[in-house]
Amino acid sequence: MASPSTALLALVIALGCAATTANARFTALQWTPAHATFYGDETAAETMGGACGYGNLYATGYGTDTAALSTTLFKDGYGCGTCYQIRCTGSPSCYTGSPVITVTATNLCPPNWAKDTNNGGWCNPPRTHFDLSKPAFMKMALWRAGIVPVMYRRVPCVRRGGLRFALQGNTYWLLAYVMNVAGAGDVAEMSVRSGAGAWVRMSHNWGASFQAFAQLGGRALSFKVTSYTTRQTVVADNVTPANWCLGLTYQARVNFS
């Protein structure tokens, strides 16, 4: 499996036009109980990378307000990029006023089958659980608590600018990591088109990456992206120039609503 590196973060802004199909704006869901822990230290160094493949979270715009999701929420990678509001409730370790934090899903909290679901196996199915970066956890509760009860709700992701596509692969294989996704934040399907050619359906590789086994070089690339939650489809034409390169990140002018 590949993952984006710092080299991918040279950002090129697309000059092409774009279109959106389906009027399916994502709205916040209801508050639901769960629990939250944290991993890593105050630097959040251990949160970099992760199962979604976003690489350096500072460079890709996600920062330290991030969470690793339990399997139930992660959905085999289709939960990558989703956004949640979380507040600590019902514990003396919660801060006064139960402040609300907003985090983006960037990683998986894997099951620990050696421990009981209610005693250490916090991310075992079917539990919904958030393993936060320590800086995010410390915005709502005392870190010494270790684990706290929370209320959470999924909310629209607010992003600045268009979708970003970090490209890897080789002459015969294109691997694209989709980042900076607004709206529902998630991606279910992708297709790519080279120049004025036919759309090539991409398969889900892992996390937030999709792949196409085709020769696509020498012409501008366009992408068609469909949200996992809303089924809204965004078409971003000419995201790259004709002389696009692997190892770069290209930004479209369109995003989800």
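Residues numbered from 1 in each chain as written. Predicted model: local features only at pLDDT ≥ 70, side-chain atom pairs only at ≥ 80, totals over all residues. Heavy atoms only, no water.

Going by what an unreviewed UniProt entry lists, the protein chain is known as Expansin and is assigned to Digitaria exilis. Per UniProt, the protein chain carries the Sequence similarities (unreviewed entry) text "Belongs to the expansin family. Expansin A subfamily." UniProt, in the comment section headed Function (unreviewed entry), describes the protein chain in these words: "Causes loosening and extension of plant cell walls by disrupting non-covalent bonding between cellulose microfibrils and matrix glucans. No enzymatic activity has been found." (UniProt positions renumbered as here; feature names shortened; annotations may be inferred.)

### Topic: the sheet that holds strand S7 (residues 129-133)
Neighbouring strands of a sheet are bound in pairs by backbone hydrogen bonds; such pairs are parallel or else antiparallel. Pairing is mixed around the closed barrel formed by six strands, whose spatial order is S3-S7-S4-S6-S5-S8. Direction aside, the axes of adjacent strands within the sheet are offset by 45° on average. (Pairing = 2+ DSSP bridges. Helix = DSSP H or I, 4+ residues; strand = E, 2+ residues; numbered from the N terminus. Axes fitted to C-alpha atoms, helices over the stretch in contact; angles between N-to-C directions.)

### Quick look at the UniProt feature "domain: Expansin-like EG45" (unreviewed entry) in the protein chain
Feature annotation in UniProt places "domain: Expansin-like EG45" (unreviewed entry) on residues 49-162, given in this structure's numbering. In residues 49-162, helix accounts for 7% and strand for 28%; the two terminal C-alpha atoms are 21 Å from one another.

### Considerations on the packing of aromatic side chains
Within the structure shown, the criterion is met by nine aromatic pairs. Following the ring pairs from residue to residue traces out a cluster consisting of Phe-38, Phe-137 and Trp-143. Looking at Arg-87, its charged tip hangs above the ring of Trp-31, at a distance of 4.6 Å from the centre. Taking the ring centre of Trp-143 as reference, the NZ or CZ of Lys-134 above it sits at 3.9 Å. (Phe/Tyr/Trp six-rings, centres within 6.5 Å; stacked < 30°, edge-to-face > 60°. Lys NZ or Arg CZ within 6 Å of the ring centre and 35° of its normal.)

### A closer look at the pairing of strand S10 (residues 173-179)
Taking burial as the measure, the seven residues of S10 include six buried ones, the bulk of the element. As judged from the seven bridges shared by strand S9 (residues 164-170) and S10, these two strands associate in the antiparallel manner. Following the sheet pairing, Asn-170 is matched in S10 by Trp-173. Between the antiparallel neighbours S9 and S10 lie two residues. As defined by bridge partners, S10 adjoins strand S13 (residues 209-212) across four bridges and the pair is classed as antiparallel. (Buried < 20%, exposed > 50% of the residue type's maximum accessible area, 1.4 Å probe, protein only.)

### So, the pattern of salt bridges
Under the counting rule described, the total for this entry stands at six salt bridges. We note a salt bridge from Glu-42 to Lys-134, for which the minimum N-O separation is 3.2 Å. Here the residue Glu-42 occupies a position in the loop between strand S3 (32-39) and strand S4 (66-69), and Lys-134 occupies one in helix H2 (residues 134-137), the gap between them amounting to 92 residues. Residue Lys-139 is joined to Asp-65 by a salt bridge in which the shortest nitrogen-to-oxygen separation is 2.8 Å. With Lys-139 in the loop between H2 and strand S8 (148-155) and Asp-65 in the loop between S3 and S4, this pair connects stretches of sequence that are 74 residues apart. (Salt bridge = Lys/Arg side-chain N within 4 Å of Asp/Glu carboxyl O.)

### Describing the nonpolar core
With 33 residues, the main nonpolar core has Tyr-54, Tyr-84, Ile-86, Val-103, Phe-130, Leu-132 and Met-140 as its most contacted residues. When residues of this core are assigned to domains, at least three fall in each of domain 1 (32-155) and domain 2 (164-251). If sequence neighbours within four positions are ignored, Val-103 has contacts with Asp-65, Thr-66, Ala-67, Thr-82, Cys-83, Tyr-84, Ile-86, Leu-132 and Ala-136. Counting residues in each nonpolar core, the second largest holds 26 residues, with Val-181, Ala-214, Leu-216 and Phe-223 among its members. (Core = buried A, V, L, I, M, F, W, Y, C linked by side-chain atoms within 4.5 Å. Domains from an automatic or database assignment. Contact = heavy atoms within 4.5 Å.)

### Section: the domain arrangement of the protein chain
Entries for the protein chain in the domain assignment read domain 1 (32-155) and domain 2 (164-251). Once you take the C-alpha centre of each, domain 1 and domain 2 turn out to be 28 Å apart. Between domain 1 and domain 2 lies a buried interface of about 1200 Å² when both sides are counted; carbon and sulfur atoms form 52% of it. Linking domain 1 with domain 2 are one salt bridge, by the criterion used here. In this structure, Arg-154 engages Asp-186 in a salt bridge whose closest nitrogen and oxygen atoms are separated by 2.9 Å. Remark: the boundary between domain 1 and domain 2 carries six residue pairs in polar contact (both at pLDDT 80 or more). When grouped by side-chain class, the residues that make up the side of domain 1 that touches domain 2 number seven nonpolar, six polar and three charged. (Buried area = accessible area lost by both parts, 1.4 Å probe. Polar contact = N/O pair within 3.5 Å; in protein donor to acceptor, adjacent residues only side chain to side chain. Nonpolar A, V, L, I, M, F, W, Y, C, P; charged D, E, K, R; others polar.)

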